[in-house]
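So you can see what is in the structure, the chains are spelled out below.
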Amino acid sequence: MRRYRFGRIATLFAAVYVTVVVVAGVHALATGDPALLREIVTGGWDSDFVPYTWWVELLMVAGGVLQGWAYWQVLRGRPAGAAAVNARPVRLLRAALYLSLACTLLYRLPIPYQWWSGLPFDLLQVAVVGLFFVVLAGVLPRWLRLLGLVAGLVNAAMGMAYTVAYGLGHYSVLQFVSPYQLGNAVYLLWLVPILVGQARDARWSRGTVRLGRASAVLSLLSSGGGSFISFGGSGIDYDLLLLMLLGVLGVFGTVWQARSAHELGALTPAPSPAPAVRGAPARAWPLAAVAVLLPLIPAAVNLADGMPAWIGPRGAVDDLFHGHVSYPATVLWVALDLLIGVGAPAVLVLVAVVRRTRRLLRATMLTLTLAAAAGVATALTTTSEADWRFVPEMTEQRLALYPDGLFDQNEKGEILFGLSPLWYSAALTASALVLFLLYHVPSAARPRHHVLVAVLATFMALCLLPVADQARGPVTTAEDCSPPEPWEMDGEPVQPPPPTGPRAFICAVRQQQVLAFAATAPDQVLLDRGRYLCAAYTRNDPRELARLREVEGVNVRDLSGVLAGICPAANAKVTAEAAAEDREFNEFMAEEQRKCDATPRHRPLVTPAKAIRLKEPEWPEARLELYGEYTGEGKSTSAGPVTAGPGYVTVSTHSDFHVCVTLETYTRRPPVETKGWDNVVEVGYTNQDGEMIFMDGLSGTELPDLSLNGRKGHYRIRLHFAWFPWKGEKYGTQRLLIMAYPGPGDKVVTYRRPPKRR
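Residues numbered from 1 in each chain as written. Predicted model: local features only at pLDDT ≥ 70, side-chain atom pairs only at ≥ 80, totals over all residues. Heavy atoms only, no water.

(A) Expanded view of unusual backbone geometry. A positive phi angle, close to 60°, is found at R356, a residue other than glycine. Turning to its location among the elements, R356 is positioned in the loop between α16 (345-355) and α17 (358-381). A positive phi angle, near 55°, is found at N540, a position not held by glycine. Tracing the sequence through the fold places N540 in the loop between α23 (523-539) and α24 (542-552). (Helix = DSSP H or I, 4+ residues; strand = E, 2+ residues; numbered from the N terminus.)

Encoded structure:
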């Protein structure tokens, strides 16, 4: 076991940190409060951004364990023993890396910071960039070092400009200082040459270079910013969990930086002879040709239909790139989509077959397998109607990187994507399998970790296979059960008949999600389970129902509405309950009608031009409103239940009670009547369009026209309101009499005020 200069101290600190993280994780899982765990692991991200979920907190605990490992890597120092005697540039680079590490860890402390405190960190980046340029002389070509130098200085300058602009509040220039289209591309133009140089330099180990590669991949996925290396969560955006996890995985960059500094202080190991490049023996060319031709078959079918894309803008994998990672990574994903779509994997397989090196063959098989898995994930997560299609800006963004007009729509408005990704997955998997069978390593020479990886891969593949005894069949989704929206039918309302029988049961399960079934479970599986539950519902055995409730978490007696389509006993109960509700509602409405019939009829003192006593009671849910065209300005005035202003009049009624309404229109001002009314208020209203209709948009209530034969002009509207007692009830029902007549004036006149207390 290797010893390190500060190994024991680093081990103790890492062990204490991991213990604290595990205790905080247990506290979060026990109390449902992840604040402490999130603060330790991510430095923030409260439940307002990522709500508490048990598996998220387990991920946070795993991230904390990863950070404990990172702390051990950072604090352990160089290997024990004699220190290396380095030239001045190497010593300065090592010191700059350690100072940069100290700044990174300093930001983890819960102390306040000023915006300008980031400027020294940005200046350290300049020093690191310049010193790497000098230290790697003789290892990298001069042009590659110059590329890294320029990119590193530009990235540092962008970081300083971003820090200053943000600190001074010039937020409008942030996009120009650090455009989102670049992401971390400038930073990667510096990091990649550095990693190439480290891979060629004996002073750095392969493990350090691998950590740098992981950091580069994470930087590619990250949306970018001014920071040199991230450690934990930094910015907060709506990328939520993915951003939080990327922040936690940022420790790989910190560990790469620490190990780069540690190994510069150790003696350079003696160069070991380069391992011989092992090549697999040649096989019969027809079999190898099969591996090359397989990826071309689905590509040829797609290209024959004019579709060069493999997946296109659909599914969870594409959504990950278009909605949660950096713009450069999205561009690379679209390029990969088009390359696989036209059969580029065949070229990779051809090169692997010709050269037959172990590393190239393994990389090729891994690439083919990952692409096949992405196709399967896309097929399983593709919906018929993606949400982004209904937002023009999002649609334009999703299709911007593809050739114009590539994804047309059929007569139903559905996007035509071409061949299913499952065909590509089958071809790529078959090609990888042929390569494995032709050029696999003999069992005696296969390392143990390869066996472990193969076992894990096989286990995960088996987990994705459907259960053999589940018969496949049609799958009705929740969207299939929903009626089409008006915009899908050229604006025409659609009222399809409600589903009955087995379809009613299937739609109830899909839409209400009362039974634990995957969205891809066949309809026949749901029906079999429903018939079993129907039998239990019909038997009504308390012990059986209790067992289902305790073991499976299903309360069968609450599933009457769900089972009604396939279960006569449940249907009988639902029908009886619906009939009882109808009877109760009809009795209620009959009682309300009797109340209105019993209210005294209004006897006008002068003959109105028209009088309407509504036969049925109205039931406004908000208030009755009269609106018209009005271009002037003015204030609104309220008196009792009436509010009037320029171009409108509203009457507030109690939303829990019906209203018995009478409307009267006069040619001249009628006498004022207050007897028998609780409120009498008169207001002015200008009729611009010839109609005066009170309505309530929430309930759909609409009263008859109050205008005098369509006359336009100014009116006075007098509103009478009163409560009518009924059989000892506290309130009874509401009465409303509305009078209208032509007349000038907008003054609000109250003839009778509401009583102080009822």
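Moving on from the coordinates now.
(B) Expanded view of the state of the cysteines. By the definition in use, this model includes two disulfides. Paired by a disulfide, C534 and C567 hold their sulfur atoms 2.3 Å apart. Negative torsions about the S-S bond denote left-handed disulfides, and the value of about 80° found for C534 with C567 makes this one right-handed. With C534 in helix α23 and C567 in the loop between α25 (560-563) and α26 (568-598), the pair connects residues that are 33 residues apart, well separated along the chain. Given a relative accessible area of 10%, C534 falls into the buried group. A residue is classified by how much of its surface remains accessible, and C567, at 1% relative accessible area, is buried. Each disulfide pairs two cysteine sulfurs, and for C596 the partner residue is C660, the sulfurs being separated by 1.9 Å. Classification of the bridge connecting C596 and C660 rests on its S-S torsion, roughly -95°, and on that basis the disulfide is left-handed. On the criterion of sequence distance, the pair formed by C596 in helix α26 and C660 in strand β6 (residues 659-665) is long-range, its members being 64 residues apart. Using a relative accessible area of 8% as the deciding quantity, one classes C660 as buried. (Disulfide = S-S within 2.5 Å. Buried < 20%, exposed > 50% of the residue type's maximum accessible area, 1.4 Å probe, protein only.)

(C) Spatial organisation of a positive patch on the surface. On the surface, R206, R210, R213, R359 and R362 cluster together to form a positively charged patch. When residues of the positive patch are traced back to their parent elements, those giving at least two are α9 (206-221) and α17. For the positive patch, the leading source of residues is α9, giving three residues. (Patch = residues over 30% accessible without salt bridge, like charges linked within 9 Å, V, L, I, M, F, W, Y side chains within 5 Å. Areas by Shrake-Rupley, 256 points an atom, 1.4 Å probe, with all protein chains shown as cover. Salt bridge = Lys/Arg side-chain N within 4 Å of Asp/Glu carboxyl O. Lys, Arg positive; Asp, Glu negative; His and termini not counted. Charge placed at Lys NZ, Arg CZ, Asp CG, Glu CD.)

(D) How the structure looks around the packing of aromatic side chains. Counted by the stated rule, this structure contains 13 aromatic pairs. Each ring, one from W310 and one from W333, has its centre 5.8 Å from the other, and the planes form 50°; the classification is tilted. Separated by 23 residues along the polypeptide, W310 in the loop between α13 (296-304) and α14 (315-324) and W333 in helix α15 (residues 327-341) bring together distant segments of the chain. Here the two residues W310 and W333 agree in accessibility, since each one is buried. Through pairs of rings, three or more aromatic residues link up here, namely F132, Y187, W190 and W204. The aromatic ring of Y537 is capped on one face by R557, whose charged end is 4.0 Å from the ring centroid. The aromatic ring of Y715 is capped on one face by R711, whose charged end is 5.3 Å from the ring centroid. (Phe/Tyr/Trp six-rings, centres within 6.5 Å; stacked < 30°, edge-to-face > 60°. Lys NZ or Arg CZ within 6 Å of the ring centre and 35° of its normal.)

Keep in mind these numbers describe shape, not what the thing actually does.
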